[in-house]
Structures are given as structure tokens and as C-alpha cells.
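Single-letter residue listing:
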Amino acid sequence: MRKKMFRGKKYFIEALWEGLLKISGSVTSIIIILIVLFLFSEGMGIFKKKVVEDGYVIAVNKNNPVKDLSPEQIKNIFDVKIVSWKELGVNINEDEISLLRLDDIPNYFPEDQIAEDMSNLPQIISQILKEHPGMIAFIPEDFAKKGFSEKVLDLGNINLKEFFGGKEWFPTAQPAPQFGVIPIVMGTLWVSLGAILIALPFGIAVSIYSAELASKKVHKILKPVIELLAGIPSVVYGFFGLIVIVPLIQKVFNLDVGETGLAGSIVLAIMALPTIITIAEDALRSTPRAMKEASLALGANKWQTILKVTIPYSISGITAGVVLGIGRAIGETMAVLMVTGNAAVIPHTLLEPVRTIPATIAAELGEAPKGGAHYEALFVLGCILFIITLIINLVVEYISSKNKNKVA
Amino acid sequence: MDYNKRKKLNQASAFWIFRIMSLAVIAILFWILGFIIVNGFQAISWDFLTKMPEDGMTKGGIYPAIIGTLCLTAGSIIFAFPIGVLSGIYLNEYAGKGWIVRFIRMMTNNLGSIPSIVFGLFGMSLFVNTLGFGDSIIAGSLTLGLLALPVVIRTTEEALKQIDNSYRTGSLALGATKLQTIVKVVLPMAFPNIITGLILSVGRVSGETAPIMFTAVAYFLPMLPSSIFDQVMALPYHLYVISTSGTDIEASRTMAYGTAFVLIMIVLILNLIANALRRYFSNKVKTN
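Parameters and conventions
- Residues numbered from 1 in each chain as written.
- Chains lettered and ligands numbered in written order.
- Predicted model: local features only at pLDDT ≥ 70, side-chain atom pairs only at ≥ 80, totals over all residues.
- Heavy atoms only, no water.
- 1 Å grid on protein atoms, 1.4 Å probe; cavity = no way out; pocket = protein on both sides within 12 Å on 5 of 7 lines; lining within 4 Å.
- Points joined across faces, edges and corners; volume = space filled by probe spheres on them.
- Helix = DSSP H or I, 4+ residues; strand = E, 2+ residues; numbered from the N terminus.
- Nonpolar A, V, L, I, M, F, W, Y, C, P; charged D, E, K, R; others polar.
- Patch = residues over 30% accessible without salt bridge, like charges linked within 9 Å, V, L, I, M, F, W, Y side chains within 5 Å.
- Areas by Shrake-Rupley, 256 points an atom, 1.4 Å probe, with all protein chains shown as cover.
- Salt bridge = Lys/Arg side-chain N within 4 Å of Asp/Glu carboxyl O.
- Buried < 20%, exposed > 50% of the residue type's maximum accessible area, 1.4 Å probe, protein only.
- Contact = heavy atoms within 4.5 Å.
- Buried area = accessible area lost by both parts, 1.4 Å probe.
- Polar contact = N/O pair within 3.5 Å; in protein donor to acceptor, adjacent residues only side chain to side chain.

### Notes on empty space enclosed by the protein
All names here are of chain B. Counted under the stated rule, the structure contains 1 cavity of 30 Å³ or more. Taken as a whole, the largest cavity encloses approximately 40 Å³ of empty space. Lining the largest cavity are Thr69, Leu72, Thr73, Leu144, Val205, Ser206, Glu208, Ile212, Ala234 and Pro236. For the lining of the largest cavity, the secondary structure elements donating two or more residues are helix H3 (63-94) and helix H8 (178-206). When its residues are assigned to classes, the lining of the largest cavity shows 6 nonpolar, 3 polar and 1 charged.

### A short note on a nonpolar patch on the surface
A cluster of nonpolar side chains, contributed by Leu248, Val252, Phe253 and Leu351 of chain A together with Trp31 of chain B, occupies part of the molecular surface with about 480 Å² of accessible area. Mapped onto the elements of the fold, leucine 351 of chain A is located in the loop between helix H12 (334-339) and helix H13 (357-364). Its relative accessible area of 31% is what places leucine 351 of chain A among the partly exposed residues.

### Remarks on the interface of chain A and chain B
Frequently, the measure chosen for interface size is the accessible area that the parts lose on association. Every contact between the two is made by 77 residues of chain A and, on the other side, 80 residues of chain B. The junction of chain A with chain B conceals about 7100 Å² of combined surface from both sides, 80% of it contributed by carbon and sulfur atoms. Along the contact surface separating chain A from chain B lie 0 salt bridges. Our count for the chain A to chain B interface comes out at 16 residue pairs in polar contact (both at pLDDT 80 or more). Ranked by residues supplied to the side of chain A that touches chain B, first place goes to helix H1 (residues 2-44) of chain A with 21 residues.

### What about unusual backbone geometry?
Residues and elements named next belong to chain A. A positive phi angle, near 60°, is found at valine 80, a position not held by glycine. Assignment of secondary structure puts valine 80 in the loop between helix H2 (71-78) and strand S2 (98-100). We note that asparagine 254 has phi near 55°; this positive angle belongs to a residue other than glycine. Here asparagine 254 is to be found in the loop between helix H8 (234-252) and helix H9 (261-285). Residue asparagine 254 is classed as exposed on the basis of its relative accessible area of 68%.

### Some points on the layout of surface pockets
Within this model, the second largest pocket holds a volume of roughly 430 Å³. Along the walls of the second largest pocket sit 22 residues, with Ala362, Gly366 and Glu367 of chain A together with Phe214 and Tyr237 of chain B positioned nearest its centre. Per-element accounting of the lining of the second largest pocket gives the leading share, 4 residues, to helix H10 (residues 235-244) of chain B. Looking at the lining of the second largest pocket residue by residue, the class counts come to 14 nonpolar, 5 polar and 3 charged.

Take a look at the structure:
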């Protein structure tokens with residue numbers, strides 16, 4: 001009887017334990033699902049936001065046939081880069097575009113006639129617009145409601161095409177914030193590509209040296225060195241880059257500023273090295289001894305064996321390492337933020353300041369008001385990063401599964 | 001030149017290139033370490049480690065940042081270690097080969113490669129805003145814990161994988177249950193590798209900046225936190241701030257060197273401890 005009870009208790013604990021383990025095991029999946037949920041639900045909000053800054057509208061004369069303006073066009077109009085309606089394909093008797101912001105009203109209307117509480121502003125703005133057929137006004141929503149007789153443009157919401165095809169990132173621009181991700185995506189690609197081009201030869205050389213040539217003693221030094229390189233915080237890399245590499249680049253290339261894409265690439269290359277080396281070395285080491293010995297027995301020397309047997313055999317592992325290294329470079333935030341200069345323009349060379357996706361999020365999230373279009377745009381950038389890492393992981397998984405089949 | 005000579009020459013030149021490039025990588029590490037240690041050492045004093053920052057963070061110490069980093073790291077460990085170790089045990093000892101396990105494993109891999117800034121976004125959205133913790137130690141710790149979780153899981157799994165199956169079957173054959181086998185046989189043997197991996201993950205967590213930027217840290221806060229719902233300063237963020245956007249960047253350079261020195265030292269010491277433990281245990285217990 002006692003024995004039976006003991007047994008029952010034992011099984012109960014066993015079952016409890018197993019349940020606990022199962023819950024812990026599923027935690028990572030739950031977290032991923034939560035990340036997707038939160039990132040996307042915050043980010044998608046941007047496509048429900050109006051093109052024009054929150055709380056404002058764009059208005060024109062009643063007879064103006066203009067229907068639709070893109071954020072870029074609006075920005076160019078208010079930056080006086082587009083000065084005639086013809087450029088927008090609109091025919092109107094007063095072709096020159098004139099601008100009306102709240103500050104401009106006194107230029108058209110005697111100030112002392114504006115009522116204390118500004119309740120007559122809708123009428124005043126309507127009157128000014130009526131007198132100037134070529135005028136475009138950027139006014140608060142409230143003034144375009146009661147008593148307003150001219151045409152308020154319905155510009156719709158920010159759409160996917162403008163977001164992913166836009167060539168300008170200027171989220172605080174007035175009257176229409178610019179959310180074009182192309183410069184940032186290009187910046188990320190340039191910096192990561194540069195980093196991989198620098199890191200690749202070193203990574204492969206070190207992994208071959210470490211796996212095939214180094215004596216046990218040297219290997220004992222090399223391994224902790226690589227581990228330590230992986231362990232140094234990214235902000236320390238950024239600090240080192242800022243103080244050493246940035247001035248160096250400025251001097252060598254004789255530039256006005258040393259904070260360039262190249263500086264980012266060099267720092268990222270150093271940071272991506274440990275990833276590439278560890279994985280490539282493991283792959284090289286997994287080459288069956290018999291294969292190498294067969295090659296040596298046939299009269300090939302060590303270098304020929306490495307080149308013709310070891311590397312081809314382990315190429316998928318090496319590729320996996322390089323792809324993961326690229327992933328690390330694309331996602332790195334702090335070091336890049338500190339050394340690349342963060343100019344959101346489409347780069348033409350690596351010797352210009354550039355800005356990457358993670359650096360944009362880190363630099364701007366603090367200033368973006370919660371729930372606004374800017375805040376949501378940064379979450380969309382987060383989604384893009386998330387999707388890129390997901391794709392990279394799938395690629396790596398595919399490569400290594402192919403490798404497994406080969407061994408079998 | 002005949003074939004054999006060329007063959008030899010090729011090999012010699014290729015190997016020399018590899019040697020030089022490997023040497024260059026080692027040199028880069030020592031350059032970075034040396035640069036920060038030499039410059040940072042001058043900034044280190046007892047006052048630097050125990051005083052509040054003064055004069056727009058150009059003088060004084062980094063005491064609150066050290067305490068903040070300790071709090072955040074400790075918080076993330078409390079969260080990530082138990083769950084991570086249990087999850088690792090589940091994946092290696094209990095999970096079969098079905099699609100659920102494959103899915104879980106894939107998700108763990110994915111979680112491990114998500115950029116840290118995405119964790120920052122997520123932590124801000126979930127812990128700071130949705131759960132209403134505000135910028136606080138708890139929000140930052142949980143975010144950092146999420147980052148550490150895949151590392152801990154992988155470490156545990158790897159450590160368990162190295163235990164030979166004969167120990168498990170032997171224990172089970174003697175009448176022990178699965179739980180008893182794991183707790184009394186497998187875990188003690190895997191303990192050295194698990195603990196060294198955990199120590200290394202502590203190093204990684206303590207140096208992270210992006211996840212805590214929007215969940216926990218304050219630009220300047222000349223006092224210590226009194227509860228887990230307070231904001232804190234943290235070493236990595238402090239270094240970022242005083243080297244890029246402080247009130248007077250040139251004047252705070254010494255402070256920046258000192259902070260970088262402390263950060264490097266944390267990583268260095270944790271690495272040394274991990275290596276020492278590895279050596280100590282490998283002499284004591286022979287796995288396999």
C-alpha cells in the first residue's frame with residue numbers, strides 16, 4: 001500500500017516535470033509569434049495614416065482640377081521645387097503655384113480683421129483661395145470644416161508603393177512626411193556588402209589555417225581570440241571605430257567627414273569575422289579523414305588537397321557561415337550607428353555617409369511620438385529586418401539540409 | 001619551372017598568406033583591446049567606479065551605470081536561465097522527432113538570429129507600452145532575457161548532447177525514472193559545459209545596447225534605482241551617449257575610455273572565468 005502511494009506520487013512528479021519542460025520548450029515559439037504579432041500590428045498602422053501630417057489638410061481653389069498629389073510632389077511644391085501647375089499635368093488659368101501656410105495669411109489679409117478667437121479663419125482662407133486660383137494651402141483640419149467653401153484635397157493614405165518605392169526618407173518633413181525606404185535599404189545593402197567583401201578573405205583564410213595548418217598550441221591561442229572578438233560589445237566596436245577608424249579613413253581618402261559607409265563596413269567586417277570563422281572551421285573539420293588521405297596518397301600535396309578536396313566537400317558549411325555573417329552585418333545596430341554618419345540619402349560610393357535600417361530605428365525611435373506615422377514607419381523597418389533574418393535563416397537551413405543529404 | 005617545383009611554391013605561398021592573415025586577425029583583436037585598455041586604464045580610479053557623473057557627464061564617475069547594468073543583467077538571467085535550461089533539457093531529452101519539435105527548433109534558431117534592435121522594438125511595444133511597465137528595469141531585463149534565451153537553450157542542448165547515451169540507459173536499467181536519471185546522472189555530468197556557456201551569455205547580455213535603449217535606460221540619472229519599475233543608467237548606453245551626443249564630447253573622452261575599459265573588462269573576466277572553469281572541470285570529471 002505504501003509502496004503504491006510512493007509510486008503514485010513519483011509518477012505525479014514525473015508528469016508535472018514533463019509538463020513544465022514542454023511549456024519551457026514552447027516559449028521560444030510563443031515569443032516569435034508575439035514578435036510577429038506586435039511588430040506587424042504596430043507597423044501596419046502606417047498604411048491607414050493620411051499622406052499629409054496628422055491634423056492638417058491640403059486645400060485649393062474650387063475650380064482647380066487637381067485630384068491627386070503624391071507625398072513627394074507635395075514636398076516639392078512646398079519646397080518651391082515645383083513652381084507651376086503644368087509640371088503636375090494640371091491646366092489652370094493661373095499657372096504659377098503660390099503657397100499658403102497659416103503664417104502667410106497676414107500677407108493676404110489685414111491682420112486686425114482676424115477675430116480674436118480665429119473663428120472667422122475658415123472664411124478668410126476660403127476668400128484668399130478664391131482670389132488666387134493657383135494657390136495651394138496647408139491648413140489645420142479644423143479650419144477646413146465649418147464655413148470653408150473651397151476644395152479640400154482627398155489625398156488618401158500612405159500606400160505600399162510610396163513606402164517601398166519612395167526615394168526619400170524624411171519623416172519629420174512638413175506638410176507631407178516622406179517615408180521612402182529605398183535610401184535606407186540601399187545603405188544597409190552597401191554597408192553589409194562592403195563588410196562581407198572585407199571579411200570573406202580573412203574569414204576563409206583564418207578558418208583554413210585554424211582547421212588544417214595550425215599546431216595545437218597555435219589553435220589554443222586562436223580559439224579564445226575568436227571567442228573574445230565575438231564577445232566584445234558592439235558599442236565598444238563602435239567607439240573604437242569612431243575614434244580610430246573614422247579619422248583614419250578621413251585622412252587616407254582626404255574626405256571632409258570620415259563617418260562613411262566604408263567605416264561601417266570595416267567595423268562590421270571585424271564583427272562578422274567570428275561568425276564566419278567558427279562555422280567555416282567546423283565545416284572544414286567535418287571533412288572525412290579518409291577522403292583527405294586518399295588525396296594525399298595519390299600524390300597531391302596538402303594545399304592541393306585543401307583546394308580540391310576539403311574546400312569543395314565543406315563548401316556548403318562555408319557558405320552557411322558567410323550567409324550568417326551577412327545576417328549579423330545587416331542586423332548590427334550600435335557600431336553602425338556610431339560610425340556611418342547616418343545621412344539618409346541613396347549612396348553612390350562607400351565613401352559617403354550612409355544610414356542603415358537598424359541605425360535608423362535606433363536613432364529615431366526616441367523622437368517619434370507613440371502611435372504616429374513616424375513611429376509606425378520605424379516598426380515597418382523592424383518588420384523588414386525581421387523578414388530579412390527569417391529569409392537568411394531559411395537559406396542557411398536549406399544549405400545545411402543539402403549538406404546532410406550529401407553525407408548520407 | 002617544372003610541375004613539382006610549382007606545386008611546392010604554390011603551397012608555400014598559399015600557406016604563408018593564410019598565416020599572415022590569421023596573424024592580422026589576432027593583431028586586430030590586440031589592437032582594439034590594447035587601445036582601450038591603455039587609454040582606459042588612466043581613467044580608472046576608485047572615484048570613477050563609485051561616484052555619480054558630474055558636469056554634464058564630463059567628470060565624476062559611472063557608479064549608477066555600473067549598478068544599472070548589474071540590475072539589468074541579473075534580471076535577464078533570472079528570467080532566461082531557468083526557462084532556457086528547461087527548454088534545452090526538453091529539446092534534447094524528451095522531444096521526439098516530430099514536426100512540432102522541428103518547428104520549435106527552427107523557432108529557437110530564428111529567435112537567436114533576430115537583430116537586437118528588433119528585440120528593442122518588441123520590448124518597447126509589449127513590456128513598456130502594452131503591459132505598462134514604462135521604461136524600467138523589469139522591461140529592460142525581460143527584453144534582454146529574450147535575447148539570452150536562445151543562447152542558453154543552445155548551450156544546454158549542446159552540453160547534454162555530449163553525454164554518452166550509455167549513462168542514461170545504465171541509470172534507467174537500475175530502475176531510476178527518467179526524471180531521476182536526468183537530475184542525478186545527466187545534469188551533473190553536463191553541468192560544467194552548461195555553466196561555462198551561461199557565463200559567456202552573461203557577457204553578451206551585459207554589453208547589449210539596442211534592446212535596452214527604448215525599454216530601460218535613461219540618458220542621465222544621478223541616483224540609484226529603488227524598485228524594478230525605475231529607470232536606470234547602463235554602461236553600454238552611457239558609452240554610446242558620451243561618445244556621440246554628450247554635452248561636450250571632447251571633454252568627456254576620458255570618461256568614454258574609462259567606460260569602454262570597464263565594459264571590456266567585464267567581458268574579459270567572464271571569458272577567463274569560463275575558460276578556467278572549463279579547464280577545472282575537464283580535469284575533474286571526464287565526460288564520455
